Amino acid sequence: MDKLKFERELLESGYKYVCGVDEVGRGPLAGPVVCAAVIMPLESIIEGVDDSKKLTAKKREKLSDEILKTAIAHAICRIEPQIIDEINILEATRLGMKRAIESLSVVPDFVLTDGNMTLDIAFPQKSIIGGDGLSYSIGAASIIAKVYRDKLMEDYDAEYPEYDFASNKGYGTKAHCEALSRKGLSPIHRRSFTKRWQ
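Since the model is a prediction, treat every value here as computed from it, not as a measurement.

Draft legend 1. Representation of the overall build of the protein. Check the secondary structure of the protein and you find eight helices and five strands. Its helices and strands in sequence order give the protein the pattern α-β-β-α-β-α-α-β-β-α-α-α-α, from N to C terminus. For 198 residues, the compact-globule estimate of 2.2 N^0.38 gives 16 Å, and the C-alpha radius of gyration of the protein, at 17 Å, lies within 12% of that figure. Each principal axis of the C-alpha distribution contributes one length, and for the protein these read about 60 × 35 × 25 Å. The buried share among the 198 residues of the protein stands at 52%. Across the protein, every contact between residues at least 6 apart in sequence was considered, and the portion connecting residues at least 24 apart equals 66%. Side-chain charges in the protein split into 28 positive and 30 negative, and the spacing between the mean points of these groups amounts to 4 Å.

Draft legend 2. Summary view of the packing of helix α2 (residues 57-70) against helix α6 (residues 136-159). Following both chains from N to C, one finds α2 and α6 inclined at 115 degrees, their axes separated by 9 Å at the closest point. Considering only the axes of α2 and α6, their crossing is left-handed. Where α2 approaches α6, its residues R60, E61, L63, S64, I67 and L68 are matched on the opposing element by A140, I143, I144, K146, V147 and D150. Here the residues of the contact of α2 with α6 sort into seven nonpolar, one polar and four charged.

Draft legend 3. The packing of aromatic side chains, seen in detail. In this structure the tally under the stated criterion is three aromatic pairs. Measuring from ring centre to ring centre gives 5.4 Å for Y163 and F165, while their planes differ by 15 degrees; the resulting arrangement is stacked. Judged by relative accessible area, Y163 falls into the buried class, the value being 2%. Here the basic side chain of K5 rests over the ring of F6, its NZ or CZ set 4.7 Å away from the ring centre. Lying across the ring of F193, R190 places its NZ or CZ 5.0 Å from the centre.

Scoring rules and cut-offs
Residues numbered from 1 in each chain as written. Predicted model: local features only at pLDDT ≥ 70, side-chain atom pairs only at ≥ 80, totals over all residues. Heavy atoms only, no water. Helix = DSSP H or I, 4+ residues; strand = E, 2+ residues; numbered from the N terminus. Rg over C-alpha atoms; globule rule 2.2 N^0.38 Å. Buried < 20%, exposed > 50% of the residue type's maximum accessible area, 1.4 Å probe, protein only. Contact = heavy atoms within 4.5 Å. Lys, Arg positive; Asp, Glu negative; His and termini not counted. Charge placed at Lys NZ, Arg CZ, Asp CG, Glu CD. Axes fitted to C-alpha atoms, helices over the stretch in contact; angles between N-to-C directions. Left-handed = near helix turned anticlockwise from the far one by under 90°. Nonpolar A, V, L, I, M, F, W, Y, C, P; charged D, E, K, R; others polar. Phe/Tyr/Trp six-rings, centres within 6.5 Å; stacked < 30°, edge-to-face > 60°. Lys NZ or Arg CZ within 6 Å of the ring centre and 35° of its normal.

Next comes the structure, spelled out in structure tokens:
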């Protein structure tokens, strides 16, 4: 599969800095949603870049290091649970993506986003369903977002060990739900996602 198909078409149309954007953590009961934007050099690609969910944690970490070292520009934005509760997860994701793009040290001239959403940005954009597995730039963004968020949830595990965030990353596993029934909510739980335990 040609992971540079979309990027190549844009380069041929005269665009230079193609930005890939993705999010991680829309579904969990706890923790922020994390959005990453990245502009990669497109002369050669890092082998193995793919949808972060298809990769092992070890492979993701190795690729994330390579992506961060070689990227022309990258930015990561987290939207905290309190904001998710205020504006809903879809709007929180849009906001995170927008902020990540606007935080890049190099201004993109085209933005590729994963999924099916239009962002309120000043750049031409295209959303690609399944883009993290189809576009090199979006795949790279998905990997750095996932590695960043997983590390964050491991740090939260030390703070709130009863919820086992290191292994569940905030998702509603059986053990996590049982801990919520026993302990109630932590400060990083999304109130709009955990109404049955309130």
